[in-house]
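Spelled out from the first residue to the last, the chains are:
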Amino acid sequence: MATFQNSLPDLTRRAPAAGPAVYIETYGCQMNTYDSQAIGGLLEGAGFRLVDTELAADAVLLNTCSVREHAEHKVISRVGELRMRRRQAELGPVVIGICGCMAERLGDDLRKGPKAVDLVVGVDNYDALPGLLKDLTAPADGSGGAGATRTGHRLDAHYVAPPELYPVNNSHLVTIHKGCDYKCTYCIVPMTRGPQSEKAPAVILDEIAGIVARGGREVTLLGQNVTAYRWQDSLDFAGLLEQVAAIDGLERIRFLTGHPRDMHPHLMDTIGRLDKVCPWLHVPAQSGSDAVLRRMKRLYTAAEYLAMVDHARRAIAGVTFSSDFIVGFPGETDADFRATLDLVRRVEYDQIFSFKYSERPGVPAARLADDVPVEAKKERLAELMDVQQGIWAKVAQAQVGQVVQAVGEGPARRPAGAWRVRTANNRKVVVLGAEIAAGDAVTVRLTGWDATTFFGDRLDA
Ligand code: SAM
Ligand code: SF4
């Protein structure tokens with residue numbers, strides 16, 4: 001079994017090779033974005049070319065998500081659409097591979113039936129991709145391969161992705177561990193991603209030093225529960241943050257996702273003390289009802305969650321919060337849902353991501369009746385989003401007139417001639433005027449806001 005912990009790949013992207021062309025499409029969370037970069041690095045290292053469109057590709061890899069049923073349906077219909085687009089463009093068939101969580105969950109079933117794909121490669125088997133794709137795109141005997149399925153968890157398979165040249169939000173993604181040992185009853189991740197397994201601190205620090213050496217100034221440490229990071233009982237997440245913050249030239253550290261249960265006072269105090277760690281916590285609450293939290297097996301009560309928020313506000317100057325919520329979990333009553341609205345009002349999040357409960361096969365909650373009617377789920381989702389919009393209006397309006405420090409990210413989508421900048425606490429601001437290049441530090445006065453974004457004037461131009 002290969003180990004990647006001790007063999008840090010060359011982080012420099014190689015010049016495009018002349019080999020078969022691969023198009024990678026990513027669904028789901030940022031860990032999948034990172035995995036796609038790792039797959040790209042492995043393939044380029046083996047002589048493949050990465051291309052930007054499926055029409056230029058010899059092979060298409062869909063890196064997938066299984067968290068909700070809808071996410072899986074999107075991928076299956078995309079397989080049909082890919083084939084249709086090739087036919088319409090009068091191109092020959094393309095090799096199609098499904099990677100990631102769906103590969104792990106559905107395995108060989110994805111290679112059967114009308115939407116059958118050629119390759120199915122799970123989250124711990126990406127090192128097999130170059131060989132498998134070579135067989136399919138340029139077989140030595142000219143026959144065309146038969147396809148393959150590679151799934152199953154390997155605790156030691158940690159990938160190191162080459163740093164992206166121009167990452168979203170200036171932030172280079174760095175996965176610090178994989179899998180999850182929590183057993184939230186609604187969640188498919190422990191099945192698709194396997195048990196939690198840590199990337200060695202030395203590998204993480206080398207990876208980040210490599211990013212900084214190539215001009216990167218910000219990293220986002222990634223994991224299903226980064227706050228549960230623990231290396232051989234000698235280093236926890238707070239300790240890892242200290243070591244990352246000591247890297248010369250690195251300016252900002254973000255992290256995703258924090259589990260409320262692991263947000264110990266010591267960790268919050270460390271975050272507050274380390275200037276490089278951004279004061280923004282994405283700490284999914286999921287529900288504000290203790291009865292629902294218990295059935296979800298989230299391992300905290302609403303009161304404990306609120307106490308964590310209070311401590312963070314005291315320990316971390318200017319901290320802001322975001323969260324995920326599930327509405328319509330089995331047995332959720334109207335009173336349970338009101339408790340969620342109450343929690344949302346009390347925390348005053350900058351942003352929430354809310355989802356209708358989606359039953360996943362094989363998870364513990366699948367044994368409970370999915371008894372909240374679809375209409376009620378829709379109404380609760382709409383009401384939750386409405387309440388959050390009102391909270392944001394209040395939070396955002398209170399900021400108008402404030403002067404903030406931010407970092408440039410590039411051109412804004414609209415209006416023309418505007419630039420995107422982001423504050424350390426993850427607030428997006430659109431600024432009109434002379435160019436603000438990605439990475440430029442700017443001082444901005446906030447002048448207004450809309451659904452999720454502030455507007456501002458640059459003061460230091
Ligand atoms: N590890 C993170 C945590 O514990 O908060 C979350 C990871 S999960 C991939 C992202 C979000 O998807 C969750 O926070 C939850 O809100 C949502 N989610 C997970 N399973 C779901 C399900 N069965 N139905 C609806 N939403 C779900
Ligand atoms: Fe899923 Fe819970 Fe693990 Fe998050 S902590 S990935 S919600 S099982």
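To be clear, the structure that these remarks concern was listed above.
Summary of the structure given here. None of these values were measured; they are calculated from a predicted model.

What about the packing of aromatic side chains?
- Counted under the stated rule, the structure contains 7 aromatic pairs.
- When the centroid spacing of 5.2 Å and the interplanar angle of 65 degrees are considered together, the rings of W392 and F454 count as edge-to-face. Of the two residues, W392 sits in helix α12 (residues 374–399) while F454 sits in strand β21 (residues 454–458), which places them 62 residues apart along the sequence. F454 carries the same exposure label as W392, and that label is buried.
- Three or more aromatic residues joined by ring pairs make a cluster, and in this case those are Y186, F329 and Y357.
- Sitting above the plane of the F355 ring, R68 keeps its charged end 3.7 Å from the centroid.

Notes on the site of ligand 2
- In the vicinity of ligand 2, the residues found are C180, Y182, C184, Y186, C187, V189, P190, Q224, N225, H259 and R298.
- Residues that form the shell around ligand 2 fall into these classes: 7 nonpolar, 3 polar and 1 charged.

Side note on the pairing of strand β20 (residues 441–449)
- Pairing analysis gives 5 bridges linking strand β17 (residues 403–411) to β20, with the strands arranged antiparallel. Bridging across to β20, A406 finds its partner in V442.
- Note: β20 against β21, 5 bridges, orientation antiparallel. In the strand pairing of β21, W449 is matched with F454.
- Here β20 hands over to β21 after 4 residues, the two strands then running antiparallel side by side.

As for α12
- Helix length check: α12 (26 residues) gives 37 Å between terminal C-alpha atoms against 38 Å at 1.5 Å per residue, within 8%.
- All of the buried residues in α12 are A376, K377, R380, L381, L384, V387, Q388, I391, W392, V395 and A396.
- At its buried positions, α12 is contacted by β15 (320–327), α11 (334–347), β16 (351–356), β20 and β21.
- Immediately beyond the C-terminal end of α12, within one or two residues, lies G401, with a positive phi of roughly 100 degrees.

As for unusual backbone geometry
- The omega angle of the peptide bond from L256 to T257 is -10 degrees, so this bond is cis rather than trans.
- Tracing the backbone shows T257 in the loop between β13 (252–256) and α8 (265–273).
- Despite not being glycine, D233 shows a phi value in the positive range, around 60 degrees.
- Within the element layout of this structure, D233 appears in the loop between β11 (230–231) and β12 (235–236).
- Judged by its relative accessible area of 65%, D233 falls in the exposed class.
- At L299, a position not held by glycine, the phi torsion is positive, near 70 degrees.
- Mapping L299 onto the fold places it in the loop between α9 (290–296) and α10 (302–315).

Some details on the site of ligand 1
- In the vicinity of ligand 1 lie 17 residues, with Q224, P284, Q286, D324 and S358 positioned nearest.
- In this structure, D324 approaches ligand 1 through a side-chain N or O atom, which is 2.6 Å from an oxygen atom.
- Bound to the protein, ligand 1 loses 91% of the 570 Å² it would expose on its own.
- Secondary-structure elements contributing two or more residues to the shell around ligand 1 are β15 and β16.

With respect to the sheet that holds strand β14 (residues 280–282)
- On the basis of which strands lie adjacent, the open sheet formed by 3 strands has the order β14-β15-β16 and parallel pairing. The outermost strands of the open sheet, each flanked by one partner alone, are β14 and β16. Averaged over all pairs of adjacent strands, the angle between their axes in this sheet comes to 10 degrees, without regard to strand direction.
- Sheet analysis places β15 next to β16, joined by 6 bridges and oriented parallel.

Observations concerning α10
- Along its 14 residues, α10 runs 20 Å from first to last C-alpha, staying within 8% of the 20 Å computed at 1.5 Å per residue.
- Among the structural elements, α8, β14, α9, β15 and α11 are those in contact with the buried residues of α10.

Each value, and the rule that gives it
- Residues numbered from 1 in each chain as written.
- Chains lettered and ligands numbered in written order.
- Predicted model: local features only at pLDDT ≥ 70, side-chain atom pairs only at ≥ 80, totals over all residues.
- Heavy atoms only, no water.
- Phe/Tyr/Trp six-rings, centres within 6.5 Å; stacked < 30°, edge-to-face > 60°.
- Helix = DSSP H or I, 4+ residues; strand = E, 2+ residues; numbered from the N terminus.
- Buried < 20%, exposed > 50% of the residue type's maximum accessible area, 1.4 Å probe, protein only.
- Lys NZ or Arg CZ within 6 Å of the ring centre and 35° of its normal.
- Near = heavy atom within 4 Å.
- Nonpolar A, V, L, I, M, F, W, Y, C, P; charged D, E, K, R; others polar.
- Pairing = 2+ DSSP bridges.
- Expected span 1.5 Å × (residues − 1).
- Contact = heavy atoms within 4.5 Å.
- Polar contact = N/O pair within 3.5 Å; in protein donor to acceptor, adjacent residues only side chain to side chain.
- Areas by Shrake-Rupley, 256 points an atom, 1.4 Å probe, with all protein chains shown as cover.
- Axes fitted to C-alpha atoms, helices over the stretch in contact; angles between N-to-C directions.

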